Each structure stands twice: as structure tokens, then as C-alpha cells.
Amino acid sequence: MKPADRPGLILRYTAGERTNHWIVAISFVLLALSGLALFHPSMFWLSNVLGGGTWTRILHPFLGVLMFVSFVLLVLRFWRHNMLNANDRVWLRHAGDVLANHEEALPEVGRYNAGQKLLFFLMVLCMPLLLLSGIVIWRVYFSAYFPIEVIRVSAVVHAICAFALICGIIVHIYAALWVKGSVAAMTRGTVTYGWAWKHHRAWFREVFRQGNK
Ligand code: HEM
């Protein structure tokens, strides 16, 4: 990533990366709401999001495939920035300082902090499990090929992974709103020098080392 053309701003996400992220995010929200509608009668009213019960049952699995494919592309773009290193262990030991906004007590953070990286791996674990279990319980096309025990276990795996991912994404959205300036990174693509210096100092230094070459 190079410093953006506009003075005082650094490019954090290209248009392609942002489009990819928002396709995953929008499909995730639709999937979570329609999935909850299918999960329990008390939440069936959420099926209105996709146009009623029948449409929910038809569209939910196809949306799942769309989300999985776009998520794989997102992982290919970002995985190398999410490798855990020695600094991340120190960062995790200082989780209390993170929550208390004492960032001066933390080691310099690279492109992503340890919390973001762990969430990334939660997504990487849950997404394939959701897809595989989802295929087994996709009645119209695939369920007939599996014994009932496998279908039952898959329904449980699907629910557990969906629950873990919904909790994880709630934390992800909360963190995006809590760290002021992060949402602009994913909408406009840029962050200010101040944001990068405060939250991702090692990445800030790296951007300028590369920019100055
Ligand atoms: C639904 C609302 C969502 C919002 C408001 C949101 C917001 C954001 C923001 C602001 C960033 C930039 C953070 C930074 O650069 O430090 C980001 C990054 C990212 N988001 Fe989201 N996001 C949402 C949903 C999702 C979903 C559903 C997924 C995947 C399941 C996802 C996966 C990612 C990934 C992989 C990154 C890059 C961080 C990393 O690689 O560790 N996001 N998101």
C-alpha cells in the first residue's frame, strides 16, 4: 500500500478490496437474518427480509455459496497480513489496556492487531464448516445422499458455527465503530496519518519506508 494521492491520507483498501468486503458483509447480514428465521419459529418473522418463508428456503443456501466464494477471495487478499507474531502475544497479554484505551502500553501494531487476527481465524474456521454442513442439509439437491445421522450432526454444526460467527461479527462491527476512522477505511478506502500512527504504528512506518524507496 502506498500513501494516498490526497495529502494526510493513506490508502488502506483498494476499491476491489472494499467491494469484496461489502459483498461478504451484506450477504452475511442477509444470511444471519434468514438463518435465524429458519432456526426457530419465534424468529420466523425475519423471513420477510428475503420475501417470506418459501423464498427464504430457496435463497438462503444460494446466498451462502455466494458468501463463501467471496470470503475465499477476501482471505486470499488478506491472509498474509493476519499471521500471528511475537508482538501479538504481548498485545493479547495487555487486553485490559486495549479495553481501557491505554494504547501507549501496547507494542507497536502492524496492519492488523492480534484481536483482528484471531477474529480472522474464527472466520476462516467457521466459513468452510458452514458451507460443508450447509450442503448436507440442503434438502432439494444434496440431503438424499447422506444418512440421517450425518444430516442431524450437520444441522448442529451449522447452528454452532453460525452462532460463533454472528457473535464474532458483532464484535467486529462494534470494534469498527469504536475505533473512530475505521469505517472510512472500508468506505472511502483511506485513513488519516493520525489514525495509522495511533492504532497501527508499525504499519504506518512500513508504508512510509516503502513510499520513500
Ligand atoms: C456487517 C458489517 C461489517 C462492518 C461494518 C465491517 C467493517 C469493517 C471495517 C471498518 C474494516 C476495516 C478494519 C481495519 O482496517 O482495521 C473491516 C475489515 C475486515 N472485515 Fe469487516 N465489516 C463487516 C462485516 C464483515 C463480515 C461479515 C466479514 C466476514 C465474515 C468481514 C471480514 C473482514 C475482514 C477479513 C477484514 C480485514 C481484517 C483482517 O483481515 O483481519 N467483515 N471490516
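Here, every reference points to the structure presented above.
Residues numbered from 1 in each chain as written. Predicted model: local features only at pLDDT ≥ 70, side-chain atom pairs only at ≥ 80, totals over all residues. Heavy atoms only, no water.

Topic: the overall build of the protein
(1) Moving on: A count of helical and extended segments in the protein gives nine helices and two strands.
(2) Moving on: Its helices and strands in sequence order give the protein the pattern β-α-α-α-α-α-α-α-β-α-α, from N to C terminus.
(3) Moving on: Dimensions of the protein, computed from C-alpha atoms along their principal axes, come out at roughly 60 × 35 × 30 Å.
(4) Moving on: Out of the 213 residues in the protein, the part that is buried amounts to 36%. (Helix = DSSP H or I, 4+ residues; strand = E, 2+ residues; numbered from the N terminus. Buried < 20%, exposed > 50% of the residue type's maximum accessible area, 1.4 Å probe, protein only.)

What about the state of the cysteines?
(1) Moving on: The full count for this structure, using the stated rule, is zero disulfides.
(2) Moving on: The thiol sulfur of C126 is not disulfide-bonded, and the nearest other cysteine sulfur, from C161, lies at 4.6 Å.
(3) Moving on: Assessed through its relative accessible area of 4%, C126 is described here as buried.
(4) Moving on: Here C161 falls in the buried class, since its relative accessible area comes to 6%. (Disulfide = S-S within 2.5 Å.)

Quick word on unusual backbone geometry
(1) Moving on: Its identity as a non-glycine residue notwithstanding, N101 has a phi of 65°, on the positive side.
(2) Moving on: A relative accessible area of 45% means that N101 is categorised as partly exposed.

Observations regarding the side chain of K117
(1) Moving on: Examined against the element boundaries, K117 turns out to sit in helix α5 (residues 114-136).
(2) Moving on: For K117, a relative accessible area of 4% puts it in the buried group.
(3) Moving on: Beyond its immediate chain neighbours, meaning those up to four positions away, K117 contacts H81, N82, M83, L84, N85, D88 and Y112. (Contact = heavy atoms within 4.5 Å.)

Let's talk about a nonpolar patch on the surface
(1) Moving on: A contiguous nonpolar surface patch, about 970 Å² in accessible area, is contributed by V65, V69, V72, L73, L76, W79, M83, L84, L92, L118, F121 and V124.
(2) Moving on: Looking at the nonpolar patch, the elements that each hand over two or more residues are α2 (53-78) and α5.
(3) Moving on: Counting residues per element, the nonpolar patch draws most heavily on α2, at five residues.
(4) Moving on: By the element assignment, V124 lies in helix α5.
(5) Moving on: You can call V124 partly exposed: its relative accessible area is 30%. (Patch = residues over 30% accessible without salt bridge, like charges linked within 9 Å, V, L, I, M, F, W, Y side chains within 5 Å. Areas by Shrake-Rupley, 256 points an atom, 1.4 Å probe, with all protein chains shown as cover. Salt bridge = Lys/Arg side-chain N within 4 Å of Asp/Glu carboxyl O.)

Some thoughts on the coordination of the iron atom of the ligand
(1) Moving on: Coordination of the iron atom of the ligand by the protein involves H21 (NE2) and H172 (NE2), with metal-donor separations of 2.0 Å.
(2) Moving on: Its six donor atoms give the iron atom of the ligand angles of 86 to 180° at the centre, a pattern that matches the octahedral case. With H21 in helix α1 (residues 15-39) and H172 in helix α6 (residues 148-178), this pair connects stretches of sequence that are 151 residues apart.
(3) Moving on: Look at H21 and you get buried, because its relative accessible area is 14%. (Donors = N, O, S within 2.8 Å, 3.2 Å for Na, K, Ca; no water. Tetrahedral: all angles 85-135°; square planar, octahedral: opposite > 155°, others 65-115°.)

That is the geometry; function is a separate question.
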